[in-house]
Each structure stands twice: as C-alpha cells, then as structure tokens.
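# Secondary and tertiary structure notes
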Amino acid sequence: MVKKSFYIFGSGGHAKSCINAIESVKGYRIAGIIYKDKIPKDEFFHKYNLINESKLKSNNNKYYAIVGIGQIKSSFLRKKSYNYLKKKKFKLIFVKSSSSEISNTSAIGDGSIIMHLSYIGPNVKIGENCIINSGSIIEHDVEIGNHTHIAPGCIINGGVKIQSDSFIGSGSVIKEGVTITSGSIIPMGSVIKKNV
C-alpha cells in the first residue's frame, strides 16, 4: 500500500493532536513538520523530519498537508497558513481520525480535521480548514462555515448554522436551529439558546 504522506504546518499543542489523528489512520504517515522561524524546542517533534518554511519547494503536489495551528480568539493565523499551503500546491483534503464517525450524506471541506470520538450526523456541511475537536457531536443539518473551530466536547444540535471564522468553546451546547454569526467567540461551557 502506498501511504499518504502528510506535512503538518505548525509545532504546538494542536499540531500534536493532528499528528495523533493522522497516525491513527491506516495508510497515512507524517512526512514532516513545517516550522516558521526556530526549530521547535519540544522534543515531541524531534522524531519527525523538521523543515523550515523557507526551504519548501514551490510545488509540493506529491504531498498532503494540514494546518497544525489552533484557533481561539482569531482565525487569522489558520487562514494565512492554509492559504500558504495552497500557494505551495500541497494536496489539501479533510482528515478523519480512525475513531470518529461521519455520515455518508455529509460534506466536509478541504483542510478540515475531525478529531477522535467526534460524531458528524446526516446532511451536515462543514467548510474548509475547520477543526472539529475531540468528542464533539454535530447533529443533522448543521452548517459550519470556513475556518471555524468547534472545541472538544461541544454539542451542536440539529439545524444550527455557525458562520465562518467562529470559535465554539469546549463543552458548549447550542440549541437546535440557532445561528451563530461570523467571527463569534463562544466561551467554554456556554449554553446558547438564541441567535448570537
């Protein structure tokens, strides 16, 4: 079997989670970690091929890549990194960890990652470069815009619309049919019963 080789852009906590999700999938492997300035101090990353951003080729279409930078207050860095990987012509597909479940009637955008033990129900639409973090439940007919982070343990009930560039904090619950406007930051543990 020819393995899909992934590069991770970033070397923080979220990059570790991306690595864990990717390595859980048979046929996927980590080809390298892309860092911007200094070599990562964290020894976790030293067992991987470390590549300075400045050393990347202009055409990397033999390789897959995903943004390993997290997002809370702003999607700016994730968007910038995602566009950079597109410019460098990496293959950008969505990643589904081995323990997550996605309905075959749902659509996931390029560059998004579905972390361990997450559930994506029927007729869900998730945009590009999103994080659906560990243990989240995304129920039927939910729409999630580009560059949005659903943090661990969230429950997004049916028919919810979360617009682009938003952050939904860990353990939050959003009532069915609610709309979350673009760029919203929902604090950890929130219960959202009306449009925000």
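One can find the structure itself at the top, above this paragraph.
Rules used throughout
- Residues numbered from 1 in each chain as written.
- Predicted model: local features only at pLDDT ≥ 70, side-chain atom pairs only at ≥ 80, totals over all residues.
- Heavy atoms only, no water.
- Helix = DSSP H or I, 4+ residues; strand = E, 2+ residues; numbered from the N terminus.
- Contact = heavy atoms within 4.5 Å.
- Areas by Shrake-Rupley, 256 points an atom, 1.4 Å probe, with all protein chains shown as cover.
- Lys, Arg positive; Asp, Glu negative; His and termini not counted.
- Charge placed at Lys NZ, Arg CZ, Asp CG, Glu CD.
- Buried < 20%, exposed > 50% of the residue type's maximum accessible area, 1.4 Å probe, protein only.
- Pairing = 2+ DSSP bridges.
- Right-handed = clockwise from strand over helix to strand, strands pointing away.
- 1 Å grid on protein atoms, 1.4 Å probe; cavity = no way out; pocket = protein on both sides within 12 Å on 5 of 7 lines; lining within 4 Å.
- Points joined across faces, edges and corners; volume = space filled by probe spheres on them.
- Nonpolar A, V, L, I, M, F, W, Y, C, P; charged D, E, K, R; others polar.

Right, let's talk about the overall build of the protein for a bit. When its secondary structure is counted, the protein shows two helices and 21 strands. Across its three principal axes, the protein shows a C-alpha extent of roughly 50 × 35 × 30 Å. Long-range contacts, defined here as pairs at least 24 residues apart, represent 31% of the contacts in the protein between residues at least 6 apart. With the model as given, the accessible surface of the protein reaches about 9,600 Å², and the carbon-plus-sulfur share is 52%. Once the 27 positive and 13 negative side-chain charges of the protein are each reduced to a mean point, those two points are 7 Å apart.

So, on to the pairing of strand 1 (residues 4–9). Successive residues of a regular strand alternate their side chains across the two faces of the sheet. A large share of strand 1 lies buried, amounting to five of its six residues. Inspection of the sheet shows strand 1 paired to strand 2 (residues 28–35) by six bridges, in the parallel sense. In the sheet register, lysine 4 faces strand 2, and the bridge partner there is tyrosine 28. The handedness of the strand 1 to strand 2 crossover, carried by helix 1 (residues 13–23), is right-handed. Examined bridge by bridge, strand 1 and strand 4 (residues 64–67) share four bridges and lie parallel to one another. Each bridged residue has a counterpart across the sheet, and for isoleucine 8 the counterpart in strand 4 is isoleucine 66.

Quick look at the environment of glycine 109 now. Within the element layout of this structure, glycine 109 appears in the loop between strand 7 (107–108) and strand 8 (113–114). Each C-alpha atom, one on glycine 109 and one on glutamate 53, is 25 Å from the other, the two residues being 56 residues apart in sequence. Leaving out residues up to four positions away in the same chain, glycine 109 has contacts with Phe94, Ile126, Gly127 and Glu128.

With that settled, consider the layout of surface pockets. As a volume, the largest pocket reaches approximately 290 Å³. Around the largest pocket, the lining comprises 14 residues; the ones closest to its centre are Phe9, Lys36, Glu53, Ile69 and Ser81. Sorting the residues of the lining of the largest pocket by element identifies strand 2 and helix 2 (76–87) as the ones contributing at least two each. A total of four residues in the lining of the largest pocket trace back to one element, the largest contributor, which is helix 2. Residue composition of the lining of the largest pocket, by class: six nonpolar, three polar and five charged.

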